[in-house]
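Chains, contacts and geometry: an overview
Residues per chain are reported as follows:
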Amino acid sequence: MTHSYQLKVSEGSREASLIDYSGELNPAQLEAVMTLKGPILCIAGAGSGKTKTLVFRVARLVETGVSPESILLLTFTRKAALNMLDRAATLVGKATQRVAGGTYHSFANLVLRQYGAAIGISPAFSIIDGGDCADILNHIRIEVEPKTRETRFPQKRTLQEIFSKTLNRGLPLREVIMTEYEQFQEHLSDLEVIVKKFQEYKVKHHLMDYDDLLVNLQMLLQDSPEVRKTLSARFRFVMADEYQDTNMIQARITCLLGAEHRNIMVVGDDAQSIYSFRGANVQNILEFPSQFQPCKTIRLEQNFRSTRSILNATNQLMTHAKQGFAKKLFSIRPDGPKPAVVVCGDEAEQSMFVAQRILELREEGVGLSKIAVLFRSGFHSYHLELELKKRNIPFAKWGGFKFLEAAHIKDLLAHLRVLQNPSDVVAWQRILLLIEGIGTKSLPGIFAWIGASENPYNLSACKVSKRSRDGLDRLSKALQDASRHADGLPEPLVEIFSDYYLPLLKEHYLDDYPKRLRDLDQVSIISGRFETLHGFLSELALEPPRDSRDGQLTVDAEKEDRLVLSTVHSAKGLEWHSVFIIWALEGRFPSFSAFRKQSDLEEERRLMYVAMTRPQENLFISYPIYAYDPASGGILAKPSRFLDEIGSEFLERWDLIRPSDPTR
DNA sequence: CGAGGGGTTGTTTTT
DNA sequence: CAACCCCTCG
């Protein structure tokens, strides 16, 4: 490319900004940045500067006079969007902060609250998570199938999973049951009844689960041409990141948003598709060009992140993939150390190795925040966590157990939800059952009263048994105190309910209540950043903090020198100087549950690929040669098949087992 | 009718 | 090693 795209732009009174596009970007990136109109598919390999490309493209759009409000940036997490917009801001100024961005779910939330009325949606709906859905389903199940004894019936969590899958895959219930849950075939008709009642229940009580947000947004765009036109006029440029991980509904939403103006760019990497369990469909990215013809396809294949030694290994791994674009990433970075395969005697030795090596790296000048330990499932790091604590190595854990799913957090939030949406029966149930003397049998009576009452918060007027009177009166007082602030800031509300909840917390979680108490303070701190109650609740439901310390300002958290422990899923899109992948054993990574289907194994390989493409310099893959697996009762002793696929040529083996070790 | 205990289950990954 | 279910006791 000989001509230069360098250009000078002045934005209002701001001093002239100068972006040297052709100097900063390679030819493929440059093309993606400079093509502003029409449909584009950008296949961006791992570490190929995808984020940078998006950032520059936003900057470029703004520079050429596109108003930031008319750009929509759909990303996998809201954090990713904010991060990009921040970076774009340093190029062209703060104006980019006004770009709309977030996940499909958070976008759906905003649009539905604003325009949902067009298809009969109340703007005050509550967002419920998978656990809440499971609770609702449990009730319905009991109603529909009172004699669960004779035959095995799916549990509440499974029900929720099945129904979510049918929606996300866009398949009829029958088909999902027949292909993936054959054991429940005989219950098909019951399940159909349950799912119908479930939908009715949610509509009646103004509740929306994650799937409903997407389904309803799609419906709104499809059924209301006015809204679709309004939105197309408002968002004239649409960019969707991580497109390989969208499901059918999200893809349809994307198409509907782009249908009018066709200024749509989707970015992704089919080799990094790792969310098929929640309905993600690689076909979306593969078929995008045929849906938006003529479509420009741009490939970013130069890797800027990793050493050549690491890329050699990851390229080799992907030659075993059964489908997808064949591609080989190349790097102009020098060779580095080959990825090390570290063979340990047992789990304890693995943990010791990781901790030890991390300390050595720190000695060598690699800060803790530049190191990550990755694993397949949340619980794989338990032992390591103990070891790190013992050695005083600070770490943050992402993925796995979530702050929000802790019972005490859900308890506290349920009070706020009731305040926001008095017909949120799931939340009512949760807070009522906490009260001494109230059990499942007295609930229907209280619900009936709540439904009929003018002021459902005045529970003192509700007749209940003597034993529960005091507790209910206390709740009544807290709710009425809070409802007097109902339109105000969320923080004082959190305070009111924390005070109310404290005795209950002590009573229900006697053993570890001080620890849980600290979490409640976190909720209070987070709430201080929000101006409205449903802004706060929606954000929490859609963008849950990654760990209990995430409540602090992100900037601070990132500056703090802490090691990251993360599931591979949560590590997507990120990079570190040095990365450890632990538990590279058959049954762990790949996981047992992937053995049944070829397609699941393919996804496990892509997952390993994502993990291995995170480091810049050092990659350590470890496994214990011997591990008892309490889940299966068996012994795990076979190294991950993915190590075989890569082959010893690209790896370096470190044997930690002492020759005299009897377990050898 | 509610609470608390004991046995049994089955354990990916996330918005 | 939970969370969940079922059962018994108060």
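This structure is a prediction, so every number in the text was calculated from the model and none was measured. (Residues numbered from 1 in each chain as written. Chains lettered and ligands numbered in written order. Predicted model: local features only at pLDDT ≥ 70, side-chain atom pairs only at ≥ 80, totals over all residues.)

Turning our attention to the pairing of strand E13 (residues 340–344). On any regular strand, side chains alternate: one points to one face of the sheet, the next to the other face. Pairing between E13 and strand E21 (residues 652–655): four bridges, direction parallel. Note on E21: the bridge partner recorded for valine 341 is arginine 653. Where E13 and strand E18 (residues 615–624) come together, five bridges link them in parallel fashion. Its bridge partner being in E18, valine 343 is matched across the sheet by tyrosine 623. (Pairing = 2+ DSSP bridges. Helix = DSSP H or I, 4+ residues; strand = E, 2+ residues; numbered from the N terminus.)

At a minimum axis separation of 10 Å, helix H8 (residues 173–180) and helix H9 (residues 188–204) run at an interaxial angle of 135 degrees. Taken as axis vectors, H8 and H9 run oblique relative to one another. Crossing geometry of H8 relative to H9 is assigned as right-handed. Across the interface between the two elements, Leu173, Arg174 and Ile177 from H8 touch Leu188, Leu191, Glu192 and Val195 from H9. (Axes fitted to C-alpha atoms, helices over the stretch in contact; angles between N-to-C directions. Parallel < 35°, antiparallel > 145°, perpendicular 65-115°, else oblique. Left-handed = near helix turned anticlockwise from the far one by under 90°. Contact = placed C-beta atoms within 7 Å.)

Attention now moves to the confidence of the model for chain A. With 91% of its residues at a pLDDT of 70 or more, chain A has an overall mean of 85. Counted against residues more than four places away or in other chains, residues 548–558, with its pLDDT under 50, gives 12 contacts. Predicted confidence for residues 660–664 stays below pLDDT 50, and this span has five contacts to residues more than four positions away or in other chains. (pLDDT = per-residue confidence, 0-100.)

With that out of the way, let us pick up the nonpolar core. Membership of the largest hydrophobic core comes to 115 residues, with the highest contact counts inside it found for Cys42, Val58, Leu73, Met84, Leu217, Val266 and Phe497. Here valine 58 is in contact with Ile71, Leu73, Met84, Ala88, Thr96 and Val99, once residues within four sequence places are set aside. With 55 residues, the next largest nonpolar core counts Ala280, Leu329, Phe580 and Ile625 among its residues. (Core = buried A, V, L, I, M, F, W, Y, C linked by C-beta atoms within 7 Å. Buried ≥ 20, exposed ≤ 12 C-beta atoms within 10 Å, placed from the backbone.)

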